[in-house]
Amino acid sequence: KNHRTAKISPEKTILLTSCKDESIQVENMRVCVCFQAAAALCISVGSFSDPDDLPGLAHFLEHMVFMGSEKYPAENGFDAFLKKHGGSDNASTDCERTIFQFDVQRKYFREALDRWAQFFICPLMIEDAIDREVEAVDSEYQLARPSDSHRKEMLFGSLAKPGHPMGKFCWGNAQTLKHEPREKQINTYQRLRDFWKRYYSAHYMTLAVQSKETLDTLEEWVREIFTKVPNNGEPRADFSHLLRPFDTPAFNKLYRVVPVRKVHALTISWAVPPQVKYYRVKPLHYISWLIGHEGTGSILSLLRKKCWALALFGGNSETGFDQNTTYSIFSISITLTNQGYQNFYQVNMHMSQSSSFFSRIYDEIQKIEANEFHYQEQTDPIEFVENICENMQLFPKEDFLTGDQLMFEFDPQVISAALSPLTPDRANLLLLSPENEGRCPLREKWFGTCYSEEDIPEEWSQRWTGDFELNSELHLPAENRFIATDFALKESDCPDSEFPIRTVNNERGCLWYKKDTKFKIPKADIRFNLISPIIQKSPENLVLFDLFVNILAHNLAEPAYEADVAQLEYKLVAGEHGLVIRLKGFNHKLPLLLKLIVDHLADFSADPGVFNMFSEQLKKTYFNILIKPERLGKDVRLQILEHSRWSVIQKYQAVTKGLTVDDLEAFATGLKAELYVEGLVQGNFTSTVRRRNTNRKTLKLQFQPLSAEVPVLFRVVELPHKHHLCKVKSLNKGDANSEVTVYYQSGLKNLREHALMELMVMHMEEPCFDFLRTKETLGYQVYPTCRNTSGVLGFSVTVETQATKFSTEFVEAKIEEFLASFGERLSGLSEDAFRTQVTALIKLKECEDAHLGEEVDRNWFEVVTQQYVFKRLNKEIEALKLFSQAELVSWFLEHRNTNSRKLSVHVVGFGVEENDPPEPSAGCGPESPDNPPSSSYGEVSELTFLPSASQDATLITDIRAFTSSLPLHPYHKILS
C-alpha cells in the first residue's frame, strides 16, 4: 500500500493509504486491489472512563452517535446510505479506546466520509431515541451473558483493587442506563452529551482512510471534512498511575467456577507491568510461543500423553482487557479432560517447568513472522484501516504498519523482566467445571456466575516454589524444517486460464488446477474432499466420523505443529458427506505438510485412552452446540427441510449410548475402502508438481472407486402451501435468549432467481434493522437472509430476543408487520432507487478479490458442491442488469400470497413473557437438606415442543411425522 501520514491540524493525525490499479514495487511485487473504500477512526477513550453512577455509558454513546446528525438528521440515515451503495459499518468499545469503521463503493466514499464525520462533529443524540437504544445495549448484554469468556472477564475484573476501572461494568444494560438513573434522578441524556463533549475531541482521535484516489485527493477530502471535529483542549484520560491493580490477597487464590458450557478448563493468569512500550521485543509473545508450543518435548505433548489435556493456549490477546496502560495479563488456558480435571494441580505443576529463553528460538520466530509480513496478502480494507487507526494510538509513526506484527530485536533483559513475575505465588487459578456445582456459594453481580474462592493449599505452594527435578520429556523444539526458504514465483508450464481447469478425471476422482497469475506471491492453497457413502448411514456413523477427524487431528498435532508455526495452515473438517482437507501457506514446504497428513490418514489408529478422551469431549461438544438458541434453531429448521438429515440431538443420543474403539477402527477401515476424491490446487505451483503430489496421495491411500455415486446434497422437502410453526423450548436452562426465524421457501429455481432473491434481501436489510431493532427494540441481532438449502431457494428473517421482554409469538407478529410494510415500501420504490440498489449489488459482485484465499473459496464452493459454474458471478451480473422493479415486487409478493410456503421456527428462552417461574440460582450455594442440589444444566437428549396461541399456523410437534408425508424435491444444482 502507498501511504502517507499527515497532520491536518496540530491536534489530529491521519493515515492515508492509496491503492493504484497497477502493482507497486516494494522489494517484491504485490498487486494492490482496493475493491472498496474504507475509513476507521479510533478515539482514546473507553469504558475505563465510565462515570461510577452510569456504568456502560461509553458503550452506550458508541451506539447513540450513529442515530443521526444535525447535517443528516435521519435516524438510520447513514446505514441506509451504506446499504444502498454496497457498504457496511461497525463500532466497538474497549477499555481505553473506541473504534468506528465503515466501507462503501469508492464512487460514494467522499459523501460517506462526510456523513460519517458528522457523528464526531454534531451528532443529534435526540432524547426520544435514548430509551429505544438502551434496549439494544441491553439485548447485546443479554446475548453476552451465556458466554463463558465474558463471564470469566467480569469475574476476573472484580478481583482488582477497589477504585480501579477494571472493576467497572463496561457493558451497560437497562438497569444501569435507564432504571437506576431514573430512580436517582440522573439525566442520562445530558450526561451522554457531556461525555461526548469531554471525550470525543479531535486530539484524542486517529483516522485511517483507504481508497484508490491519490493521496493528495484523500488528504484534501479529510482536511475539508474532519477539521470541523471539535477540540476541547482537555488532557486525555490517563490511568497509567493505577499500576499493580491485582496485587491483592484476593488474586493469588483458586476460583472454582460453574460454566455455562460443559467444559473442564484451567486458566492460570499473572498480571505484569504494562508491556506495550516493549512492542519491538514483544516479550509476552515470545514467552507464549515457548509455553504454548505443541510439538515434541512440549508441556502439551506431555499432558496429552497422560490424556489430561486437549488444548493449551498461552499469551496475551492484546485486547483492552488483557493489555492497557495499567497492566498486561499473561495467561495459560488448558482444556482438560475428565481425568485432567481430577489432576488439575499436577497440570499446574507442569506449567511451572518452562522458564528458559534462547536467542535461537527468538530468531526463528522473528524469521517466520518477517516472511509472513514480507509476503502478506492484502486484507479487506475495512479490517486494514481498523487495525491501522488503533496502531496509530500505540506506536510511533514509522511503525504504524509494522508495530503489531514484527519482532524487531531480541532483548534478554526485557524478556527476563516480563518472565520474573510469572511465579506460582503470584498466579491466579480459575477452574471451570460442571463438577463445581454445589461448591460455589458466591455469585458475580452482573453475569450471575457462580463461583467459590479458596486458598491454594500450602503443600502445593511449597512444591511449586521448591526445587524439583524437571521432567526429562520436556525440551526445546528442534530446528523447524517447515520454514520456507524458496520464494521464487514458478513459471507456468501450461496455458494460463481465468478459471480452474480439470487436469485429472477418472473413476477415483478429479483434480482442478489454476496457476496464480494475479497475486504473484509464493503461496498456494490445496483442498481435497474425500467423499464416502458410509458417513450419512446413521447417527452412530456421524459420531464415529467426528471421532475419526478429531483423533486424526490429535495424532497430527505434534508432528504438524512446526508447520503451523511456520505459517503453513491446515484444517481437517468433518463435512456433511466427506472429509475435507485444507492447506495453505508458502508453497515451498506445502507438499511436505500434505505428505504428513496423508501418511497419518493412511496409517490411522486410535489408542483406547485417546478414544475415551475424545468420546467424553464430543459429548460435551454436542451439548454446548444444543444450548445455543441460534444453533438449536438451525438444527430444527434443517431437520425439517432436509430429508435424511440426522440432528445434533440424535448424535448426542448416539455418543451417550456408547461406542467402542473397535467400532471406530471398523468405521475407519470402511471409510478408506471406497472414496471419490475431488481436489483443487491454486497458487504458485506448476501443473507437473501438482500432478505428482496428487498421484502420491492416491497411491498411499490405496482406495477403491465408489460402487455407486454419492450425492453431495440432501433432498429437500416441499413445504405445503400454508404456514407451519415449530416451537421448542431452549435447552439452555434459565437462559432468557430466544430466537425467531420466519422462512419462506421458493423451490427449485435457476441462477436468475437466486440473483433476484439476493437483490430483494439487500433491499430488505436496512428497513428490517430500522423497523425491528431501532424502532421496535426487539433485539440486538435482527437480519434477513437469502437461503440456499441444498439447492432449494428461500429467504428468512431472524430476530434474537429475550423472553424477559417479549414472547416469540409477539416477535413473529412484528416480523409479519415488517414484511407487510416492506411490500408497500417495495411497491413505492422509485426507478432511481431500484437502479441504485441493482448497481450496488453488481459493484459488489464485480469487486476484485483482495487475496488468493477469496478466489479459492469461491472456486472451492463450485467444486465441493459439484456445480463447477466458475463463471457464476459473471452470470449473476448479467441477470441483474436485466431485472425490472416490477419483477422484484412480483417476486416478493409471490412469497406473501395465500399459496406461500412458510415455516416459522421458535427457540423459546426462559422468562416472564413466556410464563416461566423465576429460576432459582442453580449451581450457586452449598448443598444442604434445606438447599437440595439444582443443576444448572438442562436435559438436551430430546426436544420439548410447545403449544401456540396462534390460529394462523399449523403446529409441528413431531418433525418426522410432519416431514414423512411431504413430497421431496429432486436433487438440484443451480447451473444456469
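Predicted model only: the values in this text are computed from it and were never measured.

So, on to helix α20 (residues 629-641). The end-to-end C-alpha separation of α20 is 18 Å, in line with the 18 Å expected for 13 residues at 1.5 Å each. Among the 13 residues of α20, ten are classified as buried, and the element is accordingly described as predominantly covered. Every buried residue belonging to α20 is among Pro629, Leu632, Gly633, Asp635, Val636, Arg637, Leu638, Gln639, Ile640 and Leu641, and all of these are buried.

Right, let's get into the pairing of strand β17 (residues 509-515). With seven of seven residues buried, β17 is to be regarded as a mostly interior element. Side chains of β17 alternate between two faces, with Gly509, Leu511, Tyr513 and Lys515 and Cys510, Trp512 and Lys514 buried alike. Note that strand β16 (residues 501-506) and β17 share five bridges and pair antiparallel. Note that in β17 the partner of asparagine 506 across the bridge is glycine 509.

Under the UniProt annotation, the feature "domain: Peptidase M16 N-terminal" (unreviewed entry) is placed at residues 36-162. Helix makes up 45% of residues 36-162 and strand 16%, with an end-to-end C-alpha separation of 46 Å.

Any two side chains of opposite charge can pair if their charged atoms end up close together. Under the definition given, this model contains 59 salt bridges. Between glutamate 718 and arginine 901 there is a salt bridge, and its shortest N-O distance comes to 3.1 Å. Of this pair, glutamate 718 sits in the loop between α23 (687-701) and β22 (723-729) while arginine 901 sits in strand β26 (residues 901-908), and the two are 183 residues apart along the sequence. For glutamate 718, a relative accessible area of 26% corresponds to the partly exposed category. The shortest N-O distance in the salt bridge between glutamate 878 and lysine 881 comes to 3.6 Å. Taken together, the residues span about one helical turn, with glutamate 878 and lysine 881 both in helix α28 (residues 872-881) at a distance of three residues. Residue classification places glutamate 878 among the partly exposed positions, given a relative accessible area of 45%. Each of Lys514, Lys518, Asp849, Glu855 and Arg858 takes part in salt bridges that share partners, so that together they form one network.

Glancing now at the packing of aromatic side chains. Per the stated rule, a full pass over the model turns up 43 aromatic pairs. For the pair phenylalanine 548 and phenylalanine 604, a centre-to-centre distance of 4.5 Å together with 50 degrees between the ring planes defines the contact as tilted. Of this pair, phenylalanine 548 sits in helix α17 (residues 539-565) while phenylalanine 604 sits in the loop between α18 (590-602) and α19 (608-626); the two residues are 56 residues apart in sequence, bridging distant segments of the chain. With a centroid separation of 5.9 Å and 35 degrees between ring planes, the pair formed by phenylalanine 818 and phenylalanine 822 is classed as tilted. A residue pair is termed a helical-turn pair when its members lie 3 or 4 positions apart in one helix, as phenylalanine 818 and phenylalanine 822 do in helix α25 (residues 808-827) at four residues. For the pair formed by phenylalanine 818 and phenylalanine 822, the shared burial category is buried. In this structure an aromatic cluster arises from ring pairing among Phe66, Phe78, Phe100, Phe102, Phe109, Trp116, Phe119, Phe120, Tyr200, Trp221 and Phe226. Residue placement shows lysine 523 over the ring face of phenylalanine 586; its charged tip is 5.2 Å from the ring centre.

Rules used in this analysis
- Residues numbered from 1 in each chain as written.
- Predicted model: local features only at pLDDT ≥ 70, side-chain atom pairs only at ≥ 80, totals over all residues.
- Heavy atoms only, no water.
- Helix = DSSP H or I, 4+ residues; strand = E, 2+ residues; numbered from the N terminus.
- Expected span 1.5 Å × (residues − 1).
- Buried < 20%, exposed > 50% of the residue type's maximum accessible area, 1.4 Å probe, protein only.
- Pairing = 2+ DSSP bridges.
- UniProt positions renumbered as here; feature names shortened; annotations may be inferred.
- Salt bridge = Lys/Arg side-chain N within 4 Å of Asp/Glu carboxyl O.
- Phe/Tyr/Trp six-rings, centres within 6.5 Å; stacked < 30°, edge-to-face > 60°.
- Lys NZ or Arg CZ within 6 Å of the ring centre and 35° of its normal.

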